[in-house]
Amino acid sequence: MTNSPSNPRNFSSPNDDDLTRKDSLFKDNLAQRHRRGIVWKVIFQISTVIGIIALSTLLIKILNDTMGYAAIEYKKDPSTISSSGLPLDEMTCSELRVILAENVTKNRLRTIEREKPMVERSQSECLDLVISEVAEPTVKKTWPLFASLFNYEEIQSIAAEEYPGGDLIFKVWLSRAFILSPQSDDPLKAGIRTAILGSIYIIIIVIIFAFPIGVAAAVYLEEYASQSRINQIIQTNINNLAGVPSIIYGMLGLALFVRYLEPLTSGAIFGSADPTTANGRTILSAGLTLALLILPVVIINGQESIRAVPNSLRQASYGMGATKWQTVWSHVLPNALPGILTGTILAVSRAFGETAPLVVVGAATFITFDPEGIFSKFTSVPIQIYQWTARPQDAFRNIAAAAIIVLLVLLLLLNAAAVFLRNRYSRRW
Amino acid sequence: MNLSVHLDATVNQTIVTETNEFHAIEAKSLNVFYGDFLAIRDVELDIQKQKITALIGPSGCGKSTVLRALNRMNDLIPIARTTGEVLFHGQNIYAEGVDPVEVRKRIGMVFQKPNPFPKTIYENIAWGAKINGFKGSKSEMDDLIERTLRDAALWEEVKDKLQDSGLSLSGGQQQRLCIARAIAVRPDIILMDEPCSALDPISTLKIEELMRDLSKNYTIIIVTHNMQQAARVSDFTAFFTLTEDRAGVLMEYGITNQLFTNPKQKITEDYITGRFG
């Protein structure tokens, strides 16, 4: 008998060989079984590749819009602003201040000085200020990144033809100024600061309400509740609530927090109602609505984490004469905590990206001032993106793309925190 | 098998029944049900103080159920129901108003699989003392932990790594840590549910030596599948078996030597000689 490894069929002894060959109940199908395995492996690989392609397309599409050439026209040509004939970018800040004072109203000048005194501004800040206040640029047309990189001549000729008095500049829409500026009507000035602050305020409210209530409910359902009919009904309902569309929660939030609990959510009973809003469409209402939205998810996730704590630990604890509460507090909760935290953060990041319920609850779409507290009007990053993508002008599409990048980075940070907590606190038993 | 055989078995108990003050715990017509299923029937068992009593028998005969009935661990199973009495210091632990937490504090338990808490070795022992109202200072706690670990024959192996996780120990060490944890709350009785079944022979031997040491101060009741272990370590042995309706009954109970060399029941002899089970 040859026993070469290259021919696996010959591994069996001659007697075995006879047995299997003569037994008509078995057919020799090893090659076919391997083939089938390979086909499935290829199918799984293709699925993965399709997923990766879809994600990269999305990312590239967004990045493509965050920078590129923009054709800009000025109300007053920057080169004619200066009376002395000196180019603007060679002037000192005090010289620029003189130009500014000549061209804007006294009130406007006072506002600018109040934001930040001219003497404290750097030359480039003063220059930007003069350009935006005096020359008043408007974006006429924008081109995405790839077109800007590969078709520069074409873009240049179009711009020269259609906007002869304008400038063609390479504009990076996702910039420091974009993140730090408040909302504005002008895409060149508009920023996302108010929206980021709004989102952060809302998320803090969500965590304050959803985390303790969700964990407490999970502990009750897992450790205390008996298998009674009513508890089973509650459990089923929580599972179903996790699947309710978010806009339904928005309507609940509108009816409950904005309308019914208006004195509370507007801050009226605390005497701190914002006179410009004077209704329940506040950060508090938005936070409570989103907290309700993620509460079922937090509860279900908490229950799963608690259930994953091995029963042997509970038995050991009871066996030493611990009460139920001592067992839960000292063993169940500490061991379930990494799972609870991870799940809560993931649920919070879902709330962070929610748009529909906030639209219903009444997010303000245009606020230029930062929220001052939980009774302020609010907007959030996804609301802002939604708002900007609905505008007809080219440039708003670019700042929407920039805002999407900001949102994705914030979500990535949250998810990274979840991964960190899971690795830091996960235990073996 | 019929009921009369079982009744004979209880009559035979008279050999070991002495006056009450020598009994650590007594089961009186103890029945445990899981739902409608009768798991153990009419168990009468008087456990001698500061002795080791082994519960043996084939799988599913209810040895562990009897053991867990002795410190009300069965209460944690929602469908379990117990009737009859378990007298501990003359008090029925199933009586109205008895707190199972107090019962379990006085009657500790060691489980089949070593289950130290995922905390430090120090904390594993300190926790039991703390929850049971230990009010001493830090140095008194240190003393308690050293004493307990010495009693559990673990001190020499772990004295330099008290702040390591209890899970970093070997299986046998973990089980001795669990025993240390149980004796740290100063129980009267320690119940052990197959404490060596997950351990290698050398660790098993160490635990058995430890049990002999501990029996000077504690009453130990051990469930084991290993008849050699029962013969080696225990003073008394209770043999359980199944009736036709699958309820567990106490078949024979006596001094270990006598039960192994001269069993009264045919079925006991069959079991200990390995003919069934």
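Because the structure is predicted, anything quoted here is derived from the model rather than measured.

J.: What is the right way to read the overall build of chain B from this model?
T.: Secondary structure summary: chain B contains 11 helices and 10 strands in total. A total of 277 residues make up chain B; the buried ones form 45% of that total.

J.: Teacher, can you tell me more about the sheet that holds strand E3 (residues 167–172) of chain A here?
T.: Whether parallel or antiparallel, the strands of a sheet pair through hydrogen bonds between backbone atoms. Residues and elements named next belong to chain A. Pairing within the open sheet is antiparallel, and its three strands lie in the order E2-E1-E3. Of all strands in the sheet, those bounded by a partner on one side alone are strand E2 (137–142) and E3. The average angle at which neighbouring strand axes cross in this sheet is 45 degrees, direction not considered.

J.: Please clarify how the packing of helix H7 (residues 171–184) of chain B against helix H8 (residues 201–214) of chain B should be interpreted in this entry.
T.: When two helices pack together, you describe them by how their axes are tilted relative to each other and by the distance separating the axes. Residues and elements named next belong to chain B. For the pair H7 and H8, interaxial distance at closest approach is 9 Å and the crossing angle is 20 degrees. As far as their axial angle goes, H8 and H7 are roughly parallel. Crossing of H7 against H8: the hand is right-handed. Residue-level contacts link Gly171, Gly172, Gln175, Arg176 and Ile179 of H7 to Ser203, Lys206, Ile207 and Leu210 of H8. In terms of residue class, the contact of H7 with H8 is built from three nonpolar, four polar and two charged.

J.: Please explain the interface of chain B and chain A as it appears in this structure.
T.: Interfaces are frequently sized by the accessible area removed from exposure as the parts join. Between chain B and chain A, the residue contacts involve 21 residues of the former and 19 residues of the latter. Among the secondary structure elements, those contributing two or more residues to the side of chain B that touches chain A are helix H3 (100–106), strand E6 (107–110), helix H4 (121–131) and H7 of chain B. Class assignment for the residues of the side of chain B that touches chain A results in 13 nonpolar, four polar and four charged.

J.: Looking at this structure, how should I read the pairing of strand E10 (residues 248–255) of chain B?
T.: Each regular strand shows side chains that alternate between the opposite faces of the sheet. Residues and elements named next belong to chain B. The element E10 is extensively covered by neighbouring structure, given that seven of its eight residues are classed as buried. Pairing of strand E9 (residues 236–242) with E10 involves seven bridges; the strand directions are antiparallel. Along E10, the bridge assignment pairs Thr237 with Gly254. Hairpin connection from E9 to E10: five residues lie between these consecutive antiparallel strands, with Arg246 at a positive phi of about 65 degrees.

J.: What should I look at first to understand the confidence of the model for chain A in this one?
T.: The predicted coordinates should not be examined in detail at positions where pLDDT is low. Within chain A, residue pLDDT values average 84, and 91% of them lie at 70 or more. Contacts of residues 1–6 of chain A to residues separated by more than four positions or lying in other chains number six contacts, the stretch itself having pLDDT below 50.

J.: Honestly, unusual backbone geometry in this entry has me stumped. Any pointers?
T.: Excluding glycine, most residues fall at negative phi; most peptide bonds, likewise, are trans. Residue and element names in this part refer to chain B. Residues other than glycine seldom take positive phi values, yet Gln50 does so here, at roughly 50 degrees. Relative to the helices and strands, Gln50 resides in the loop between strand E2 (37–48) and strand E3 (52–56). Its 16 C-beta neighbours within 10 Å are what place Gln50 among the partly exposed residues. Non-glycine residue Arg246 carries a positive phi angle of around 65 degrees. Among the structural elements, Arg246 can be located in the loop between E9 and E10. Exposure remark for Arg246: the 12 C-beta atoms within 10 Å place this residue in the exposed category.

J.: Could you clarify how one ought to interpret the packing of helix H12 (residues 246–260) of chain A against helix H14 (residues 283–307) of chain A in this entry?
T.: Residue and element names in this part refer to chain A. One way to put it is that H12 packs onto H14 with a least axis distance of 9 Å and a crossing angle of 135 degrees. With respect to H14, the axis of H12 lies oblique. For the crossing formed where H12 meets H14, the hand is right-handed. Contact residues: Ser246, Tyr249, Gly250, Leu252, Gly253, Phe257 and Val258 in H12; Ser285, Leu288, Thr289, Leu292 and Leu293 in H14.

About the criteria used
Residues numbered from 1 in each chain as written. Chains lettered and ligands numbered in written order. Predicted model: local features only at pLDDT ≥ 70, side-chain atom pairs only at ≥ 80, totals over all residues. Helix = DSSP H or I, 4+ residues; strand = E, 2+ residues; numbered from the N terminus. Buried ≥ 20, exposed ≤ 12 C-beta atoms within 10 Å, placed from the backbone. Pairing = 2+ DSSP bridges. Axes fitted to C-alpha atoms, helices over the stretch in contact; angles between N-to-C directions. Parallel < 35°, antiparallel > 145°, perpendicular 65-115°, else oblique. Left-handed = near helix turned anticlockwise from the far one by under 90°. Contact = placed C-beta atoms within 7 Å. Nonpolar A, V, L, I, M, F, W, Y, C, P; charged D, E, K, R; others polar. pLDDT = per-residue confidence, 0-100.

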